[in-house]
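One letter stands for each residue in the lines below.
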Amino acid sequence: MIGGDYRRRLLPVLDSPGLRPTPDRVRETLFNWLAAATPGARVLDLFAGTGALGLEALSRGAREATFVERDPRVARQLEENLATLKADERGRVIAGDALTFLAEGPRPCSLAFLDPPFRQGLAEPCCAALEAGWLTGDAWIYVETEAGLEPRVPATWQLHREVRAGDSHGRLYRRAAAGSSPPDDAC
């Protein structure tokens, strides 16, 4: 972890094809942007992998986090890491497909992380699915895709900031509830 309660905790990471944790530098930048939004947040970490983003949110005061990971071995490791951090009461791991999970009954979150496997066309359908009751009116959504891909996002999402690192392009959006004016992003 970069900051918060679990700062400097090193956790085991499985060697699994396609598993690419968000780099420390990007995670630090992202959570600096989200400093005021993270404490007390209800977090959804889709395509969780190592859980780096959701765990960082818990470390920085998020109330709870749901991690969705389709690889059962990676999901088990994430459960073990939550137990190691004594965060298993605030973190829940779902071993399953993200789109299947999103098709179930929504539980609105105020902070969503979407980091799908590259070049599989999953970003856009997941962004659209999040709009079916998964987001609070003023939720923050971080979408990480391969460089060069600019997924279409719902009209209620306003781009707040962007970060690039290697083959990754991260975009942080702020959701404005339908019928309201876009959020004020002044710094």
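Residues numbered from 1 in each chain as written. Predicted model: local features only at pLDDT ≥ 70, side-chain atom pairs only at ≥ 80, totals over all residues. Heavy atoms only, no water.

**Focus on the overall build of the protein**
Reasoning step 1: Helices and strands together make up the secondary structure of the protein, namely five helices and seven strands.
Reasoning step 2: Order of helices (α) and strands (β) in the protein, N terminus to C terminus: α-β-α-β-α-β-α-β-α-β-β-β.
Reasoning step 3: Looking at the protein residue by residue over its 187 residues, the buried ones come to 49%.
Reasoning step 4: Put simply, 66% of the contacts in the protein that link residues at least 6 apart link residues at least 24 apart. (Helix = DSSP H or I, 4+ residues; strand = E, 2+ residues; numbered from the N terminus. Buried < 20%, exposed > 50% of the residue type's maximum accessible area, 1.4 Å probe, protein only. Contact = heavy atoms within 4.5 Å.)

**Considering the pairing of strand E7 (residues 168–175)**
Reasoning step 1: Counting buried residues in E7 gives eight out of eight residues, a clear majority hidden from the surface.
Reasoning step 2: Neither face of E7 is left uncovered, since the one carrying Ser 168, Gly 170, Leu 172 and Arg 174 and the one carrying His 169, Arg 171, Tyr 173 and Arg 175 both have all their residues buried.
Reasoning step 3: Note: strand E5 (residues 135–146) against E7, seven bridges, orientation antiparallel. For Ile 141, the partnering residue across the bridge sits in E7 and is Tyr 173.
Reasoning step 4: Note that strand E6 (residues 157–165) and E7 share eight bridges and pair antiparallel. Within the sheet, the bridge partner assigned to Glu 162 lies in E7 and is Arg 171. (Pairing = 2+ DSSP bridges.)

**With respect to unusual backbone geometry**
Backbone geometry follows two general trends: most residues other than glycine have a negative phi, and most peptide bonds adopt the trans configuration.
Reasoning step 1: The phi angle at Phe 47 is positive, at roughly 55°, despite the residue not being glycine.
Reasoning step 2: Checked against the element boundaries, Phe 47 lands in the loop between strand E1 (42–46) and helix H2 (52–59).
Reasoning step 3: The class for Phe 47 is buried, based on a relative accessible area of 14%.
Reasoning step 4: The backbone of Lys 86 shows a phi angle near 60°, a positive value even though the residue is not glycine.
Reasoning step 5: As for its position among the elements, Lys 86 is in the loop between helix H3 (72–84) and strand E3 (91–95).

**Some remarks on H3**
Residues spaced three or four apart along an α-helix point in a common direction, a consequence of the helix completing one turn every 3.6 residues.
Reasoning step 1: Its 13 residues place the ends of H3 18 Å apart at the C-alpha level, agreeing with the 18 Å of an ideal helix rising 1.5 Å per residue.
Reasoning step 2: Of the residues making up H3, those classed as buried are Val 74, Ala 75, Gln 77, Leu 78, Asn 81 and Leu 82. Each buried residue of H3 sits inside an arc of 160° when the element is viewed along its axis, so together they form one side.
Reasoning step 3: Here the buried face of H3 lies against H2, strand E2 (64–69) and E3.
Reasoning step 4: Sitting at the head of H3, Asp 71 places a side-chain oxygen 2.9 Å from the backbone nitrogen of Arg 73. (Expected span 1.5 Å × (residues − 1). Arc of directions from axis to C-beta. Polar contact = N/O pair within 3.5 Å; in protein donor to acceptor, adjacent residues only side chain to side chain.)

**Considering the confidence of the model for the protein**
Reasoning step 1: Looking at the protein as a whole, its pLDDT mean stands at 86, while 82% of the residues score no less than 70.
Reasoning step 2: Note on residues 181–187: pLDDT under 50 across the span, and nine contacts to partners over four residues away in sequence or across chains. (pLDDT = per-residue confidence, 0-100.)

**Topic: the pattern of salt bridges**
Reasoning step 1: Counted according to the given criterion, the structure contains nine salt bridges.
Reasoning step 2: Taking the shortest distance from any N to any O, the salt bridge between Arg 107 and Glu 64 comes out at 3.0 Å. Here Arg 107 is found in the loop between helix H4 (98–102) and strand E4 (109–114), whereas its partner Glu 64 is found in strand E2, with 43 residues between them in sequence.
Reasoning step 3: Overall, the relative accessible area of 38% leaves Arg 107 in the partly exposed class.
Reasoning step 4: Here Glu 64 falls in the buried class, since its relative accessible area comes to 16%. (Salt bridge = Lys/Arg side-chain N within 4 Å of Asp/Glu carboxyl O.)

**A closer look at the nonpolar core**
Reasoning step 1: Grouped together as the largest cluster of nonpolar side chains are 28 residues, with contacts concentrated most on Leu 30, Val 43, Phe 67, Leu 111, Phe 113 and Tyr 142.
Reasoning step 2: For this core, the elements supplying multiple residues, two or more each, are helix H1 (24–33), H2, E2, H3, E4, E5 and E6. (Core = buried A, V, L, I, M, F, W, Y, C linked by side-chain atoms within 4.5 Å.)

**Comments concerning the state of the cysteines**
Reasoning step 1: Counted under the stated rule, the structure contains zero disulfides.
Reasoning step 2: Of the cysteine sulfurs around Cys 126, a residue in no disulfide, the closest is that of Cys 127, at 7.3 Å. (Disulfide = S-S within 2.5 Å.)

**Brief notes about H2**
Reasoning step 1: Along H2, eight of the eight residues are buried, which leaves the element largely enclosed by surrounding structure.
Reasoning step 2: Turning to H2, its buried residues are Ala 52, Leu 53, Gly 54, Leu 55, Glu 56, Ala 57, Leu 58 and Ser 59.
Reasoning step 3: Of the residues trailing H2, Gly 61 is marked for its positive phi of about 105°.

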